[in-house]
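Below, each chain spelled out in residue letters.
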Amino acid sequence: MDVVQINKQDAPMFCFRVQGSRKVYKLPLLGYLPAKYFRQIKAVIGSDATDAAALEAADVVLDIFDAYCPGLTDTMSLAEMSAISSEWQKASGIGLGE
C-alpha cells in the first residue's frame, strides 16, 4: 500500500487592527480554518435561512474569534464584529456559508 504524505501548510492570515489600538489580530483565511468550524456552521444553517439559524451561525463565528483573537469579543459590539467578519470574508474570497 502506498502512503501519500500531505504537507500541512501555514495558513494565510487576515490581519486587522481595531481603531485606537496598536494590537494586530490575526485570523486564518476562511479556507484554512479547521474543518470543525465549517461542520458546525453547516449544521446550524443547512438550508435554513431563518433569523434563529443566522444567530446560531453568528455564535459559531464568535467562537472562532474567541479562539484566534482572545478578548476581542469582550470589547466589540455586534456591528463592529460584523464589519470585521465582512472584511475577513472579502479577504478570504469565500463566505461563511460556502
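Small disclaimer: the values here were computed from a predicted structure and weren't measured.

**Student:** Would you take a moment to explain the overall build of the protein chain for this structure?
**Tutor:** Across its full length, the protein chain carries four helices and two strands. The burial tally for the protein chain puts 29% of its 98 residues in the buried class. Sequence separation of 24 or more characterises 48% of the internal contacts of the protein chain that already satisfy a separation of 6 or more. As displayed, the protein chain offers around 7,000 Å² of accessible surface, 52% of which is attributable to carbon and sulfur atoms.

**Student:** In this structure, what is going on with the side chain of S85? I would like to understand it.
**Tutor:** Tracing the sequence through the fold places S85 in helix α4 (residues 78–92). For S85, a relative accessible area of 10% puts it in the buried group. In this view, S85 contacts V61 and F65; residues no more than four positions away in its chain are not counted.

**Student:** Would you explain the nonpolar core in this entry?
**Tutor:** Looking at soluble globular proteins, one finds that nonpolar side chains tend to be buried together. Core analysis: the largest hydrophobic core is formed by 19 residues, its most contacted members being F16, L27, F65, L72, I84 and W88. Taken together, the elements giving at least two residues each to this core come down to β1 (13–17), β2 (24–28), α1 (35–45), α2 (51–68) and α4. With four residues, the top contributor of residues to this core is α2.

**Student:** What exactly am I supposed to notice about the packing of aromatic side chains here?
**Tutor:** Any aromatic ring pair is given by two values, namely how distant the centres are and how the planes are angled relative to each other. The final tally for this structure, using the stated rule, is three aromatic pairs. Arranged with centres 5.5 Å apart and planes meeting at 25°, the rings of F14 and F16 form a pair that is stacked. Classification of F14 by relative accessible area gives buried; the value is 12%. Aromatic side chains F65 and W88 sit 5.6 Å apart centroid to centroid with 65° between the ring planes, which places their arrangement in the edge-to-face category. Taken together, the positions of F65 in helix α2 and W88 in helix α4 put the pair 23 residues apart, joining distant regions of the chain. A single burial state applies to F65 and to W88, both of which are buried. An aromatic cluster of at least three residues, connected via ring pairs, comprises F14, F16 and Y25.

About the thresholds
Residues numbered from 1 in each chain as written. Predicted model: local features only at pLDDT ≥ 70, side-chain atom pairs only at ≥ 80, totals over all residues. Heavy atoms only, no water. Helix = DSSP H or I, 4+ residues; strand = E, 2+ residues; numbered from the N terminus. Buried < 20%, exposed > 50% of the residue type's maximum accessible area, 1.4 Å probe, protein only. Contact = heavy atoms within 4.5 Å. Areas by Shrake-Rupley, 256 points an atom, 1.4 Å probe, with all protein chains shown as cover. Core = buried A, V, L, I, M, F, W, Y, C linked by side-chain atoms within 4.5 Å. Phe/Tyr/Trp six-rings, centres within 6.5 Å; stacked < 30°, edge-to-face > 60°.

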